[in-house]
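Architecture at a glance
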Amino acid sequence: MTADPQFFRHGPGPFARLFVFALLACILIAEDLRFKQFPELRQAVGIVVFPLQKIAYIPTNIYDQIEKLIASFYLVEENQWLKQQYQEDREKLLKLQSLEAENVQLRKLLGAMQGIETDTHTQAVMAEILYTPRDPFNHKITLNKGSQHDIKLGQAVIDDQGIVGQITRIYPWSSEVTLLIDKNHSVPVQVVRNGLRSVISGTGKQDALLLRYLSVNTDIIPGDLLVTSGIGGIYPPGIPVATVDKIERDPVDDFAHIIGTPIAGVDRNRQVLILSLTPPPADELAETVKIESQSK
Amino acid sequence: MQRQSKLNRKVNNDNHSDAEGYFREEIYLPASTGYILLSLIIALTLNLLPLQQEFLIYRPDFVAITLIYWCVNESHKMGMSIAFLMGLMMDAGNTSIFGQHALAYCIAVYLALILGRRLRIFSLMQQAPQVGLILFVMQAIIVLVAIAGGSNFPGWQYFSATLSGILLWAPIAVLISIPLKQKPDPDAL
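Residues numbered from 1 in each chain as written. Chains lettered and ligands numbered in written order. Predicted model: local features only at pLDDT ≥ 70, side-chain atom pairs only at ≥ 80, totals over all residues.

1. Comments concerning the confidence of the model for chain B
Per-residue pLDDT for chain B averages 81, and the proportion of residues at 70 or more is 82%. Scored below 50 in pLDDT, residues 1-17 of chain B makes 23 contacts in the model with residues more than four places away or belonging to other chains. (pLDDT = per-residue confidence, 0-100. Contact = placed C-beta atoms within 7 Å.)

This is how it looks when you write it as structure tokens:
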């Protein structure tokens, strides 16, 4: 006999083993929640899991193919609709260009510096949602683009209507997006109607964002559109984030309790765009500094 | 060599005599390690299936159910280290706190190993509620870790995955055991 029969072999008892593994798991949890020193460990496991995620995505792929096949019967109609849409968008774009030029002109006349120097030149990469987590307290999604596709940490993720979230973790072929509604996620925003700036944060609940630290007498009404202000340099300015839903002004509190609803389909999309802000060229930066020093 | 082909005692529902019932009892081959791993990988893939938000909450944890199945039926081959590794893989795929599922699976496996010998004497239908208890404890641990990480309590609806797990216990157990069924040999006697 080469090995003892299993019957007689005594390793450590189940409770001792549980104790060891539970301790190990608790160390990992604490590491992930507090210290975040070893992202490589998670990345290594992520690489192992990635093929399985790809396999799990195959049924969705097949469904997409069938949908495409059905859609191909309506190509003519779709083409017509898209052409019309293009014309309409084109008109808006032309207006925007003339408005931008006019804006620059007016600013020059006023001698005013633009408050925040942000470059609106963005590059967009299309990505598909690979996985949405099963836990209702986990407001993150996995996309099928990663560091191999030049995706970087902190890039903004949008859909056709507004901001979805921000890339917070990167694997070689996939990446994790923290959604707007996550408790630990905030976006600098601006009210379109009067330019009021604030920061909006997630609440951990679906379809609810919290506008913090605005005083009770702030000029804000339900239905106000909130767009990104561009402060912080992560989100490009002017992208819709939320509409103000409910305002509770209780004089007892210092701040008004303002709840907004996200505009983007935070949990409905299949495809999203990953935006990368190209940093403004160095000479342009130097110029702004020069003007600033002159005006002082 | 271990020749412990396990007799899976199932309560025969049809009213035959005891001797006949004994011969009708199905004999299962011992599962190979490869087959156990394959079943776990398939379960993990099922867990990672992208679904609509509305159905996600009702999806049972296939990995946990498979782990519990092997703890009950092949307890000497099922270790906590496998559960721990599966948990880590689940955490990386599920974008959750690293170690959350690992802890929950380890505790589920511990409970299953302790209750395993007891569970084996029941039929699959009778096992289901007891497995449900294990699944409930496991989900409770996941929620506790999430709350420790600063999340809100997700509501009791979250535990509907335990209910779906109870309902799917018997079908999954039958499905896993199909390849292990011994072929009837006409020349046996």
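The structure having been displayed, the exposition proceeds.
2. A word on the nonpolar core
Counting 102 residues, the largest nonpolar core has B:Leu67, B:Ile68, B:Tyr105, B:Cys106, B:Ala108 and B:Val109 as the members making the most contacts within it. It is helix 6 (residues 100-119) of chain B that provides the largest number of residues to this core, a total of twelve residues. Split by domain, this core shows at least three residues from each of two domains, domain 1 (15-113) and domain 2 (121-281) of chain A. Other than its neighbours up to four places away in sequence, B:Tyr105 contacts B:Ala64, B:Leu67, B:Ala83, B:Phe84, B:Met86 and B:Gly87. (Core = buried A, V, L, I, M, F, W, Y, C linked by C-beta atoms within 7 Å. Buried ≥ 20, exposed ≤ 12 C-beta atoms within 10 Å, placed from the backbone. Helix = DSSP H or I, 4+ residues; strand = E, 2+ residues; numbered from the N terminus. Domains from an automatic or database assignment.)

3. Brief notes about unusual backbone geometry
In this structure, A:Tyr213 is a non-glycine residue whose phi angle is positive, near 55°. Take A:Tyr213: it is sitting in the loop between strand 8 (209-211) and strand 9 (225-228). Its identity is not glycine, yet B:Thr95 carries a phi of approximately 60°, on the positive side. If you trace the backbone, B:Thr95 turns up in the loop between helix 5 (80-94) and helix 6.

4. Concerning the domain arrangement of chain A
Residue and element names in this part refer to chain A. Domain parsing of chain A yields domain 1 (15-113) and domain 2 (121-281). Averaged C-alpha coordinates put domain 1 and domain 2 at centres separated by 12 Å. At the junction of the two partners, domain 1 supplies six residues and domain 2 supplies six residues. Looking at the side of domain 1 that touches domain 2 residue by residue, the classes come out as three nonpolar, three polar and no charged. (Nonpolar A, V, L, I, M, F, W, Y, C, P; charged D, E, K, R; others polar.)

5. Some details on the sheet that holds strand 9 of chain A
Residue and element names in this part refer to chain A. Reading around the circumference, 6-7-8-11-10-9 is the order of the six strands in this closed barrel, with antiparallel pairing throughout. On average, each strand axis in the sheet is tilted by 40° relative to the strand beside it, whichever way the strands run. Pairing geometry for strand 7 (residues 197-202) and strand 8, over three bridges, is antiparallel. Residue pairing across strands places Gly202 opposite Leu209, the latter belonging to strand 8. (Pairing = 2+ DSSP bridges. Axes fitted to C-alpha atoms, helices over the stretch in contact; angles between N-to-C directions.)

6. Some words on the pairing of strand 10 (residues 240-248) of chain A
Along any regular strand the residues' side chains alternate between the sheet's two faces. Relative to strand 10 of chain A, strand 9 of chain A is paired through three bridges, and the arrangement is antiparallel. Directly across from A:Leu225, in strand 10 of chain A, lies its bridge partner A:Thr243.

7. Here's the deal with the environment of B:Ser177
Residue and element names in this part refer to chain B. Looking at where Ser177 falls in the secondary structure, it is placed in helix 8 (residues 160-177). Overall, the presence of 17 C-beta atoms within 10 Å leaves Ser177 in the partly exposed class. Between the C-alpha atom of Ser177 and that of Asn73, which follows or precedes it by 104 residues, the distance is 9.8 Å.

8. Points about the pairing of strand 2 (residues 140-143) of chain A
Residues and elements named next belong to chain A. Where burial is concerned, the two faces of strand 2 agree: the one with Lys140 and Thr142 and the one with Ile141 and Leu143 are both buried. Across four bridges, strand 2 lies against strand 5 (residues 175-179) in antiparallel orientation. Its bridge partner lying in strand 5, Ile141 is registered against Val177.

9. Brief notes about the packing of helix 5 of chain B against helix 6 of chain B
All names here are of chain B. Closest axis-to-axis distance for the helix 5/helix 6 pair is 7 Å, and the angle between their directions is 150°. In this structure, helix 5 meets helix 6 at a crossing whose hand is right-handed. Of helix 6, the residues touching helix 5 (which contributes Met80, Ala83, Phe84, Met86, Gly87, Leu88, Met90, Asp91 and Asn94) are Gln100, His101, Ala102, Leu103, Ala104, Tyr105, Cys106, Val109 and Tyr110. Classifying every residue of the contact of helix 5 with helix 6 by side-chain character gives 13 nonpolar, four polar and one charged. (Left-handed = near helix turned anticlockwise from the far one by under 90°.)

10. Description of helix 4 (residues 62-73) of chain B
With twelve residues, helix 4 of chain B should cover 16 Å at 1.5 Å per step; its first-to-last C-alpha distance of 16 Å lies within 8% of that length. At its buried positions, helix 4 of chain B is contacted by helix 2 (33-47), helix 5, helix 6, helix 7 (124-148) and helix 8 of chain B. (Expected span 1.5 Å × (residues − 1).)

11. Describing the interface of chain B and chain A
Tallying the contact residues gives 41 residues for chain B and 40 residues for chain A. Of all the secondary-structure elements, those providing two or more residues to the side of chain B that touches chain A are helix 2, helix 3 (53-56), helix 5, helix 6 and helix 7 of chain B. Here the element with the most residues in the side of chain B that touches chain A is helix 6 of chain B; it accounts for eight residues. Of the residues assigned to the side of chain B that touches chain A, the class counts are 26 nonpolar, 14 polar and one charged.

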